[in-house]
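# Residue-level structural notes
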Amino acid sequence: MSVHRDRTGFLFLNIGHFYDHLFMLLFPTAVLAMAADPVFGGSYADVLSLSVFGFVAFGAASIPAGWLGDRWSKTGMMSVFFLGIGAASILTGFARSPLELAAGLTLIGLFAAIYHPVGIAMVAADAEKLGKALGINGVWGNLGVAAAGITAGALADQWGWRAVFILPGLVSIATGIAYMVFARRQAAKGVTKKPARAHIALTPSQMKLLFGVVIVATLCGGIIFHATTVGLPKLIAERTAEFAGTTTQIGALVTAIYVIAACAQIVVGHLIDRYPLKLIYVGVIVLQVPLFLIAATAEGVPMVAAAIGMMLLVFGAIPINDAIVARYGAAEWRSRMYAAKYVLSLGVSAAAVPMIAGLHQGGGGFATLILVLAVLAAIITLAAALMPTGASEKKMPAPAAAE
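Residues numbered from 1 in each chain as written. Predicted model: local features only at pLDDT ≥ 70, side-chain atom pairs only at ≥ 80, totals over all residues. Heavy atoms only, no water.

### Quick word on the overall build of the protein
Operational definition: Note on conventions: DSSP H or I runs of at least 4 residues are helices, E runs of at least 2 residues are strands, and numbering of each starts at the N terminus. Note on exposure labels: buried denotes an accessible area under 20% of the residue type's maximum, exposed denotes more than 50%, and partly exposed covers the range between, all computed with a 1.4 Å probe on protein chains only. For every accessible area listed, the method is Shrake-Rupley and the probe measures 1.4 Å; residues are considered covered only by the protein chains on display.
Helices and strands together make up the secondary structure of the protein, namely 19 helices and zero strands. Sorting the 403 residues of the protein into buried and exposed places 58% on the buried side. Just so you have it, the protein exposes about 15400 Å², and 70% of that area is on carbon and sulfur atoms.

### What about helix H14 (residues 288–295)?
We count it as follows: In this context, the arc is that of the directions from the helix axis out to the C-beta atoms. Here, two residues are considered to be in contact whenever any of their heavy atoms come within 4.5 Å of each other.
Of the residues making up H14, those classed as buried are Gln 288, Phe 292 and Ala 295. Down the axis of H14, the buried set is contained in an arc of 65°. They therefore lie on one face. Of the surrounding secondary structure, the elements contacted by the buried residues of H14 are helix H11 (204–239), helix H13 (277–286), helix H15 (300–316) and helix H19 (367–385).

### Side note on the packing of aromatic side chains
Keep this limit in mind: Stacked, tilted and edge-to-face pairs are distinguished by plane angle, under 30 degrees for stacked and over 60 for edge-to-face with tilted covering the rest, among Phe, Tyr and Trp rings (Trp via its six-membered ring) whose centres lie within 6.5 Å.
Enumeration over the complete set of coordinates arrives at twelve aromatic pairs. Judged by centre distance (6.2 Å) and plane angle (40°), the rings of Tyr 179 and Phe 182 are tilted. Residue Tyr 179 and its partner Phe 182 are both found in helix H10 (residues 161–189); the two are separated by three residues, about one turn of the helix. The class for Tyr 179 is buried, based on a relative accessible area of 3%. The class of Phe 182 is buried, set by a relative accessible area of 15%.

### Focus on the nonpolar core
Where a protein is soluble and globular, its nonpolar side chains tend to be buried together. Quick reminder of the rule: Grouping buried Ala, Val, Leu, Ile, Met, Phe, Trp, Tyr and Cys residues that are joined through side-chain atoms within 4.5 Å yields what is termed a nonpolar core.
Grouped together as the largest cluster of nonpolar side chains are 121 residues, with contacts concentrated most on Phe 27 and Phe 165. Of the residues forming this core, the biggest block, twelve residues, is contributed by H11. With residues up to four places along the chain from it excluded, the contact list for Phe 165 reads Leu 26, Phe 27, Ala 30, Met 34, Ser 89, Ile 90, Thr 92, Gly 93, Leu 105 and Ile 108.

### Some remarks on a nonpolar patch on the surface
Formally: In this analysis, a patch consists of residues with relative accessible area above 30% that form no salt bridge, clustered at 9 Å for like charges and at 5 Å for the nonpolar side chains Val, Leu, Ile, Met, Phe, Trp and Tyr. For this document, the term salt bridge refers to a Lys or Arg side-chain nitrogen within 4 Å of an Asp or Glu carboxyl oxygen.
Where nonpolar side chains cluster on the molecular surface, the patch consists of Trp 67, Leu 68, Trp 72 and Val 80 and spans about 390 Å² of accessible area. Mapped onto the elements, Trp 72 comes out in the loop between helix H5 (62–71) and helix H6 (74–93).

### A closer look at the pattern of salt bridges
Pairing between side chains becomes possible if they bear opposite charge and their charged atoms approach one another. Per the stated rule, a full pass over the model turns up one salt bridge. Between Glu 100 and Arg 96 there is a salt bridge; the shortest N-O distance is 3.2 Å.

### Thoughts on helix H9 (residues 130–159)
Our working rule: To estimate the expected span of a helix, count its residues, drop one, and scale the result by 1.5 Å. We define the bend at any residue as the angle between the axes fitted to the seven residues before and including it, ending there, and the seven starting there.
For H9, built from 30 residues, the straight-helix expectation of 44 Å at 1.5 Å per residue is met to within 8% by its first-to-last C-alpha distance of 42 Å. Remark: the principal bend of H9, roughly 30°, maps to Ala 147. One or two residues past the end of H9 sits Gly 160, with phi positive at roughly 95°.

### As for the packing of helix H1 (residues 7–24) against helix H7 (residues 98–112)
When two helices pack together, their arrangement is captured by the angle between the axes and the distance separating the axes. For clarity, the threshold we go by: For helices, the fitted line uses only the C-alpha atoms of the stretch in contact; every axis is such a line through C-alpha atoms, and the angle between N-to-C directions lies from 0 to 180 degrees. Should an angle lie under 35 degrees it is considered roughly parallel, over 145 roughly antiparallel, and from 65 to 115 roughly perpendicular; all remaining angles are considered oblique. By convention, the crossing between two helices is left-handed when the near helix turns anticlockwise from the far helix through less than a right angle, and right-handed when the turn is clockwise. Under the scheme applied, nonpolar residues are Ala, Val, Leu, Ile, Met, Phe, Trp, Tyr, Cys and Pro; charged residues are Asp, Glu, Lys and Arg; polar residues are all the others, including Gly.
At their nearest, the axes of H1 and H7 sit 10 Å apart, and the two run at 155° to each other. In terms of their interaxial angle, H1 and H7 are classed as roughly antiparallel. At the point where H1 passes H7, the crossing takes the left-handed sense. Facing H1, whose interface residues are Asp 20, Phe 23 and Met 24, H7 presents Ile 108, Gly 109 and Ala 112. Residues that form the contact of H1 with H7 fall into these classes: four nonpolar, one polar and one charged.

### Re the side chain of Asn 14
Going by this rule: We call two N or O atoms a polar contact when they sit within 3.5 Å, provided that within protein one can donate a hydrogen and the other can accept it, with sequence-adjacent residues counted only if both atoms are side-chain atoms.
Relative to the assigned elements, Asn 14 resides in helix H1. On the basis of relative accessibility, which here comes to 3%, the residue Asn 14 falls in the buried class. Within the local environment of Asn 14, its side chain forms a polar contact with the side chain of Asn 137, the two groups lying 2.9 Å apart. Look past the residues within four positions of Asn 14 in its chain and what remains in contact with it is Tyr 115, Ile 136, Asn 137 and Trp 140.

### Considering the confidence of the model for the protein
Put simply, the rule is: Residue-level confidence of the predictor is what pLDDT reports, using numbers from 0 through 100.
Averaged over all residues, the pLDDT of the protein is 82; the fraction at 70 or higher stands at 86%. Per-element confidence in the protein ranges from a low mean pLDDT of 67 for helix H17 (residues 334–347) to a high of 96 for H6. Across residues 394–403, confidence stays below pLDDT 50; counting only partners more than four residues off in sequence or on other chains, it has 37 contacts.

### A word on the packing of H11 against helix H16 (residues 318–328)
Interhelical geometry of H11 versus H16 gives an angle of 150° and a closest axis separation of 11 Å. Put simply, H11 runs roughly antiparallel to H16. Like other packed secondary-structure pairs, H11 and H16 cross with a definite hand, here left-handed. Contacts between H11 and H16 involve Met 207, Leu 210, Val 214 and Phe 225 on the former and, on the latter, Ile 318, Ile 324 and Tyr 328. The class makeup of the residues in the contact of H11 with H16 is seven nonpolar, no polar and no charged.

### Section: empty space enclosed by the protein
Short version of the rule: Site definitions follow a grid-based scheme: protein atoms alone, a 1 Å grid, a 1.4 Å probe that fits but cannot get out for cavities, and for pockets an open set with protein on both sides within 12 Å along at least five of seven lines, plus lining residues having an atom within 4 Å of a point. Grid points are joined across faces, edges and corners, and a volume is the space filled by probe spheres set on the points.
Under the counting rule described, the total for this entry stands at six cavities of 30 Å³ or more. For the second largest cavity, the full set of lining residues is Phe 23, Met 24, Phe 27, Ser 51, Gly 54, Phe 55, Leu 105 and Ile 108. Of the residues belonging to the lining of the second largest cavity, the class tally is six nonpolar, two polar and no charged.

### Quick notes on the side chain of Gln 288
Following the sequence through the fold, Gln 288 ends up in helix H14. One polar contact links the side chain of Gln 288 to the main-chain carbonyl oxygen of Leu 313, over a distance of 3.2 Å. Setting aside residues no more than four positions away along its own chain, Gln 288 makes contact with Ile 224, Leu 313, Val 314, Ala 317 and Ala 377.

And the structure:
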């Protein structure tokens, strides 16, 4: 059995996940090179704060994006995603003031919001093996996180910070055109979807409990994910200065950490297809706590090792959260359910940015921030331990949904 019925479509969805995280995380590394520009020169906290509204849009626009995906067209929304995020990135590259830069980053967040409620629902819809499909798709997203550091660092060192946004933007537009051609050919062939499969049924009390667990895990997990991915370039720059002194070296080190950590999603995806979600979820989250405590004070090579372990567990939790919606959510509501989950997760990213800036500037660096993340991981562990499970969960087939 293959992982996904539509291999070419699955490839485009994976590329989309790669782009989604790449474009959202180009700026945190580009910030390191912007100090040389008199227009944007300032403290790390001041310049980083320009991205706040982009992260707000990344979360808030998920709801209308999911609604349009369910009511209009998922393939149409994916076309808008590729073309829109590329155009927004190019505009950001031509910014001439802090206001224009903030506006461009906001547009990137607006179009980036399309992917998770629409793209993840499309992945789940035609998945033959749900866990593996979500794991593979998650790896592509994390490779986008990984590539952001080295891409931004290399482009900034070679051609300046503007190239960080303009060149990837052109590539995304080209990808969008290719996707539109593919989608039209699929439509002309009359390709149809499988009828929707049943989701795992829970009692009303179980569903309320699951809803509460998802809210707690989504809010706390969203802060953890965005605080680690946004703050890691600066954390590595401060803690590994003896062997990573340039923007390119820092970006390359961050990329290596993310690439290694991305492998966790393949392993977790395999486990999802074999074991109960609750068991996997608790096991992954509880291990985050000691890793955060170690990373709070580590420096040099131990810091790199702690960062790898930390990101392995942060990335490993992602397909579990997506699998919960895919297995327990009715197919006709799946995009909107993903949207509701991601609007919470991505919405708190707006809080993550000022939290990073504030704790870094006034709290003595990253140690306090990482300790806060350890507390949040402990809260998720307690919530995951309360998660109900359906009797047929182990043998539940991957859900499908009509386009």
